[in-house]
Amino acid sequence: MNSFSRRRRPTAAVLISLAVATGVTACGSGSGSSGTKGADSGTYTVWDPYPQFAKGSAWTNLLDKCGTEAGVKVKRTGFDTSDLTNKALLAAQQGNSPDILVVDNPVVSTLAEAGVLTTTDDNKLDTSKVDPNLLAAGQSGGKTYGTPIGANTLALYYNKKVLKEAGVDIASVKDWSSLTAALEKVKKAGKKGITFSAIGTEEGSFQFLPWFWGAGAKLTQLDSAQGQSALSLWKDWVKGGYAPNSVLNNTQTTSWQEFATGDYAFAENGTWQLANAKKAGFDYGVLPIPGASGGSAAAPTGGEFVTLPVQDDTGRYTTAQKLATCLTSTQNLYDTDTTLSYVAPTSEVQDKQVAANAELKPWVDAVKAAKGRTSDDLGTKYPKISEQMWKAVQSALSGSKSPKDALTDAQSAVK
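Rules used throughout
- Residues numbered from 1 in each chain as written.
- Predicted model: local features only at pLDDT ≥ 70, side-chain atom pairs only at ≥ 80, totals over all residues.
- Heavy atoms only, no water.
- Helix = DSSP H or I, 4+ residues; strand = E, 2+ residues; numbered from the N terminus.
- Rg over C-alpha atoms; globule rule 2.2 N^0.38 Å.
- Buried < 20%, exposed > 50% of the residue type's maximum accessible area, 1.4 Å probe, protein only.
- Contact = heavy atoms within 4.5 Å.
- Areas by Shrake-Rupley, 256 points an atom, 1.4 Å probe, with all protein chains shown as cover.
- Phe/Tyr/Trp six-rings, centres within 6.5 Å; stacked < 30°, edge-to-face > 60°.
- Lys NZ or Arg CZ within 6 Å of the ring centre and 35° of its normal.
- Axes fitted to C-alpha atoms, helices over the stretch in contact; angles between N-to-C directions.
- Parallel < 35°, antiparallel > 145°, perpendicular 65-115°, else oblique.
- Left-handed = near helix turned anticlockwise from the far one by under 90°.
- Nonpolar A, V, L, I, M, F, W, Y, C, P; charged D, E, K, R; others polar.
- Core = buried A, V, L, I, M, F, W, Y, C linked by side-chain atoms within 4.5 Å.
- Disulfide = S-S within 2.5 Å.
- Salt bridge = Lys/Arg side-chain N within 4 Å of Asp/Glu carboxyl O.

(A) View of the overall build of the protein. Looking only at helices and strands, one finds 18 helices and eleven strands in the protein. For 415 residues, the compact-globule formula gives about 22 Å, and the C-alpha radius of gyration of the protein, at 22 Å, lands near that figure. Each principal axis of the C-alpha atoms in the protein carries an extent, and together these give about 70 × 50 × 35 Å. In the protein, buried positions account for 57% of the 415 residues. A separation threshold of at least 6 residues defines the contact pool for the protein, and within that pool the share at least 24 residues apart is 77%. Carbon and sulfur atoms make up 50% of the accessible area of the protein, which amounts to about 16,600 Å² in all.

(B) Region of interest: the packing of aromatic side chains. All told, the structure shown has 16 aromatic pairs when counted by the stated rule. Ring geometry for Phe206 and Trp272: centres 6.4 Å apart, planes at 40°, overall tilted. Taken together, the positions of Phe206 in helix H9 (residues 202-214) and Trp272 in the loop between strand S9 (264-270) and helix H12 (274-279) put the pair 66 residues apart, joining distant regions of the chain. Residue class for Phe206 comes out buried when judged on its relative accessible area of 7%. Each residue in the set Trp176, Phe196, Phe208, Trp211, Phe212, Trp234 and Trp237 is aromatic and connected to the rest through ring pairs, giving one cluster. In this structure, Arg316 packs its charged tip against the face of Tyr44, placed 4.1 Å from the ring centre.

(C) Fine view of the packing of helix H17 (residues 382-398) against helix H18 (residues 403-414). Packing of H17 against H18 leaves a shortest axis separation of 9 Å and a crossing angle of 160°. Relative to H18, the element H17 is oriented roughly antiparallel. In the crossing of H17 with H18, the sense of the turn from one axis to the other is right-handed. Each of Lys384, Ile385, Gln388, Ala392, Ser395 and Ala396 in H17 lies in contact with H18, whose residues at this interface are Pro403, Ala406, Leu407, Ala410, Ala413 and Val414. Looking at the contact of H17 with H18 residue by residue, the class counts come to nine nonpolar, two polar and one charged.

(D) Structural context of the nonpolar core. Trp211, Leu219, Trp237, Phe266 and Leu397 are the most contacted members of the largest nonpolar core, which has 54 residues in total. Of all the secondary structure elements, the ones that give two or more residues to this core are strand S7 (154-159), helix H7 (160-165), helix H8 (176-188), H9, helix H10 (225-239), S9, H17 and H18. It is H17 that provides the largest number of residues to this core, a total of seven residues. Contacts of Trp237, omitting those with residues within four sequence positions, involve Leu179, Thr180, Leu183, Ile194, Phe196, Trp211, Tyr242 and Ala243. With 27 residues, the next largest nonpolar core counts Tyr44, Cys326, Leu327 and Leu333 among its residues.

(E) Local environment of the packing of helix H14 (residues 330-340) against helix H15 (residues 347-356). At their nearest, the axes of H14 and H15 sit 10 Å apart, and the two run at 50° to each other. The orientation of H14 with respect to H15, classified from their angle, is oblique. For the element pair H14 and H15, the recorded crossing hand is right-handed. Residue-level inspection shows Thr330, Gln331, Leu333, Tyr334 and Asp337 of H14 in contact with H15, the latter providing Glu348, Val349, Lys352, Gln353 and Ala356. Here the contact of H14 with H15 is composed, by residue class, of four nonpolar, three polar and three charged.

(F) A look at the state of the cysteines. Throughout the structure, instances matching the rule amount to one disulfide. Paired through a disulfide, Cys66 and Cys326 show a sulfur-sulfur distance of 2.0 Å. The sign of the S-S torsion, about -75°, decides the handedness of the disulfide formed by Cys66 and Cys326: left-handed. Separated by 260 residues along the polypeptide, Cys66 in helix H2 (residues 58-70) and Cys326 in helix H13 (residues 317-327) bring together distant segments of the chain. For the pair Cys66 and Cys326, one class covers both residues: buried.

(G) Up close: the pattern of salt bridges. Enumeration over the complete set of coordinates arrives at 16 salt bridges. One salt bridge in this structure joins Asp48 and Arg76, with 2.7 Å as the shortest N-O distance. Separated by 28 residues along the polypeptide, Asp48 in strand S1 (residues 43-48) and Arg76 in strand S2 (residues 73-78) bring together distant segments of the chain. Of the charged contacts, one joins Lys278 and Glu359 as a salt bridge, the two residues approaching to 3.9 Å between their closest N and O atoms. Highlighted residues: Lys278 in helix H12 and Glu359 in the loop between H15 and helix H16 (361-368), separated in sequence by 81 residues. On the basis of relative accessible area, Lys278 is assigned to the exposed category, the value being 54%. Since its relative accessible area comes to 42%, Glu359 is described here as partly exposed.

Following this line, the structure appears as structure tokens:
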């Protein structure tokens, strides 16, 4: 018998605490129904966070294809991301987990620590070709739980016309000081500098992390001198008029809408805006977010992992592994990540993506420098740290606290 088949099922208390930690809400008592495998053992269940893809889409066609190759039928259900986490936790408690669970990467450690997922040592998923920095988002306690299906991250979009009129050569923007100097020139030219999301949610933390990590700060010490320098950078931009006050309430969507007006030189946003960028009506470029002293800052990774939940019937693992391997094969990763506007998790597929679309090159570079939010074995500690981080950003940018005091209070609250 495989070792993971004997794992203790998560208790209700554990599930409730983890649901609170990851920000998901309670759901109705019928939540387990979608995971029922049915009397036909030839049917395998897949849960994913892509409700936008209906039957007949490239994604569902791929699931059906992988099922056919494995000799089984695939029953797929798409959920909203937060709903999926909650349902996965409750299904595990009920012994009703899906065979394949495609889940947002920060949630992997939450599910792993709850005993919901098998490890790659146990399920034999091959992760040897995956970039280590991307795989780290699915690691906890020295074990790996699943494999990434793709990644997205943040970079700086820039408006070429605005920069040209301000006399800014984008090649000169290599670090924080040169970026700030560019923003100063843009403001003097009568245009707007940079827009981003500093809202008091995970989106705010997500957007602040490249600057926090780019200063050399660590999430285990929010109030370090490096962390303070990153928050001071944002505060100085807002105070100096290089960034609008609206960043305090901006989501990544509303921040993009500001950039799409054509008045801003820069916008921090992600790969998911590429289609909108092409519709914006002006010439744009993409620059990896610079570190404080140069180089590319580590931006946080988005994207999902393909995982195999623990099953009471351990005989299901062999076929589930075949399905997961099919979904993450080289050709299927290329097709899926093209559909999702993701960067692939392997160099082999990344090279293929760039060969087909040269505009993806800066995004591949950004992903190679990226970092998982739960990396460094933070696991379920991350949500609490993130909450205190976005509160500190809000306090500093609103002027209610200095960056130093805001981060000092944040660190105390985490402890």
